[in-house]
Amino acid sequence: MQRVIIISGASRGLGLALAKQLADDRTHLISIARHNNPELAAWCAQQKTSYQAIVADLALPNGAHAASQHLQEALSRFTNSHAYWLINNAGTVNPMAQSHQLLDPHAIAHALQLNIGSLMSLSATFLAHSPSTADRRILNISSGAGRGPVPGWGVYGATKAAVDYYSQTLAMEHPQVKCVALAPGVVDTDMQATIRQSEESHFPNRARFIQLHQNQQLASASFTAEHIARYLADASFGHKTIDDIRHYF
């Protein structure tokens, strides 16, 4: 194989769309998600893509640990590839609540572990067990919510701000690894459906997102994935550690 691509949260939404965009006959694709999506497996077979599914719940520390162990084993089998790319895409927008309403510590811990904890664990495994001489790239899916406060997104925005900070730290520590924290914009995925179904008292901007959906102003997952895949493969990838894909539409 010429390249190994790892995608967390690849069983649906933007992660699934990215996996489909990047699948080809020169790629070994590793999906890390709670479920193995038969649609993705079938797509990879059609594209003659070598495919492996690591089934793990990254929102649990034990799940992230198991995923990292399986990823280490997978990387040990593919040591002669030209490129190794990690896309940390898995995440949750919950819990959506204003500061005085964040009373469930388990929901907060769940989001912190999934959105930033598992990202750090997978990145560490990737850095430690992929060949240092290869073209190594890490794409962390971030959000504009981490770059400016949004009422009701105290947890989500904090985790995405942490993704940005961590990405900058990683890029400083490993200048030979290209690393970017990329905001994908407003994409029509299950996450958006969750936002539209939230309580307005918990998320005051709910009406805006309902209007975006009604006016068909959400970018499709496939459209966004096409641009992200092109961005990831470009020779200039990594020149900006903090970026937004909407700058390239």
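Procedures and definitions
Residues numbered from 1 in each chain as written. Predicted model: local features only at pLDDT ≥ 70, side-chain atom pairs only at ≥ 80, totals over all residues. Heavy atoms only, no water. Helix = DSSP H or I, 4+ residues; strand = E, 2+ residues; numbered from the N terminus. Buried < 20%, exposed > 50% of the residue type's maximum accessible area, 1.4 Å probe, protein only. Contact = heavy atoms within 4.5 Å. Pairing = 2+ DSSP bridges. Axes fitted to C-alpha atoms, helices over the stretch in contact; angles between N-to-C directions. Polar contact = N/O pair within 3.5 Å; in protein donor to acceptor, adjacent residues only side chain to side chain. Core = buried A, V, L, I, M, F, W, Y, C linked by side-chain atoms within 4.5 Å. Parallel < 35°, antiparallel > 145°, perpendicular 65-115°, else oblique. Left-handed = near helix turned anticlockwise from the far one by under 90°. Nonpolar A, V, L, I, M, F, W, Y, C, P; charged D, E, K, R; others polar. 1 Å grid on protein atoms, 1.4 Å probe; cavity = no way out; pocket = protein on both sides within 12 Å on 5 of 7 lines; lining within 4 Å. Points joined across faces, edges and corners; volume = space filled by probe spheres on them.

Details of the environment of R206
Note on placement: R206 falls in helix α7 (residues 206–214). Given the relative accessible area of 24%, R206 is considered partly exposed. Placed 54 residues apart in sequence, R206 and G152 show a C-alpha to C-alpha distance of 9.6 Å. Apart from residues no more than four positions distant in its own chain, R206 is found in contact with I195, R196, Q197, S198, E199 and E200.

Focus: the sheet that holds strand β5 (residues 135–141)
With parallel pairing, seven strands are arranged side by side in an open sheet as β3-β2-β1-β4-β5-β6-β9. Of all strands in the sheet, those with a lone pairing partner are β3 (50–55) and β9 (242–244), marking the two edges. On average, each strand axis in the sheet is inclined to that of its neighbour by 20 degrees, with strand direction left out of account. Pairing between strand β1 (residues 3–8) and strand β4 (residues 83–88): five bridges, direction parallel. Following the sheet pairing, V4 is matched in β4 by Y84. Set on the sheet, helix α8 (residues 221–233) makes contact with β4, β5, β6 (178–183) and β9; between it and β5 the angle comes to about 145 degrees.

Examining helix α2 (residues 38–46)
One turn of the α-helix equals 3.6 residues, which is why residues spaced by three or four share an orientation. Put simply, N37 is the residue that caps the front of α2, since its side-chain oxygen is 2.8 Å from the backbone nitrogen of E39. Downstream of α2 by a residue or two, K48 has a phi angle that is positive, lying close to 60 degrees.

Describing the nonpolar core
As a rule of thumb, nonpolar side chains are buried together in soluble globular proteins. Among the nonpolar cores identified, the biggest contains 31 residues, and I6, I30, I32, L58 and I138 are the most heavily contacted of them. Only β1, β2 (27–33), α3 (61–77), β4, α4 (105–129), α5 (154–173) and β6 provide two or more residues apiece to this core. With six residues, the single largest contributor to this core is α4. Those residues in contact with L58 that sit more than four places away from it in its chain are S8, I32, G63, A64, A67, A90, Q113, L114, S118 and L122. Within the second largest apolar cluster, 29 residues are counted, among which are I5, C44, A83 and I228.

Some thoughts on the packing of α4 against α5
For any two helices packed against each other, one specifies the crossing angle of their axes together with the interaxial distance. Direction vectors running N to C along α4 and α5 enclose 15 degrees, while the axes themselves pass 9 Å from each other. By the criterion of interaxial angle, the relationship of α4 to α5 is roughly parallel. Viewed along their axes, α4 and α5 form a crossing whose handedness is right-handed. Touching I108, A111, L112, N115, I116, L119, M120, S123 and L127 of α4 are V155, Y156, T159, A162, V163, Y166 and L170, all from α5. Broken down by class, the residue content of the contact of α4 with α5 amounts to 13 nonpolar, three polar and no charged.

Notes on the layout of surface pockets
Estimates place the volume of the largest pocket at around 1,100 Å³. In terms of lining, the largest pocket is formed by 46 residues, of which the most central are G91, T92, V93, T189 and M191. For the lining of the largest pocket, the secondary-structure elements that each account for two or more residues are α1 (13–22), β2, α4, α5, α6 (190–196) and α7. Looking at the lining of the largest pocket, the element that brings in the most residues is α6, giving five residues. Of the residues contributing to the lining of the largest pocket, the split by class is 21 nonpolar, 18 polar and seven charged.

Examining the packing of α1 against α2
Orientation of α1 relative to α2, taken along the N-to-C sense of each, is 10 degrees, at an axis distance of 10 Å. Taken together, the axis directions place α1 and α2 in an arrangement best described as roughly parallel. Where α1 abuts α2, its residues L16, A19 and K20 lie against E39, L40 and W43. Of the residues in the contact of α1 with α2, the class split is four nonpolar, no polar and two charged.

Section: unusual backbone geometry
The step from N94 to P95 runs through a cis peptide bond, and the omega angle for that step is 0 degrees. Mapped onto the elements of the fold, P95 is located in the loop between β4 and α4. One non-glycine residue, K48, lies in positive phi territory at about 60 degrees. Taking the relative accessible area as the measure of exposure, K48 reaches 64% and is therefore exposed.

Quick notes on the side chain of N89
As for its position among the elements, N89 is in the loop between β4 and α4. Judged by relative accessible area, which is 13%, N89 ranks as buried. Among all residues touching N89, those that are not within four sequence positions of it are S8, G9, L14, G15 and I141.

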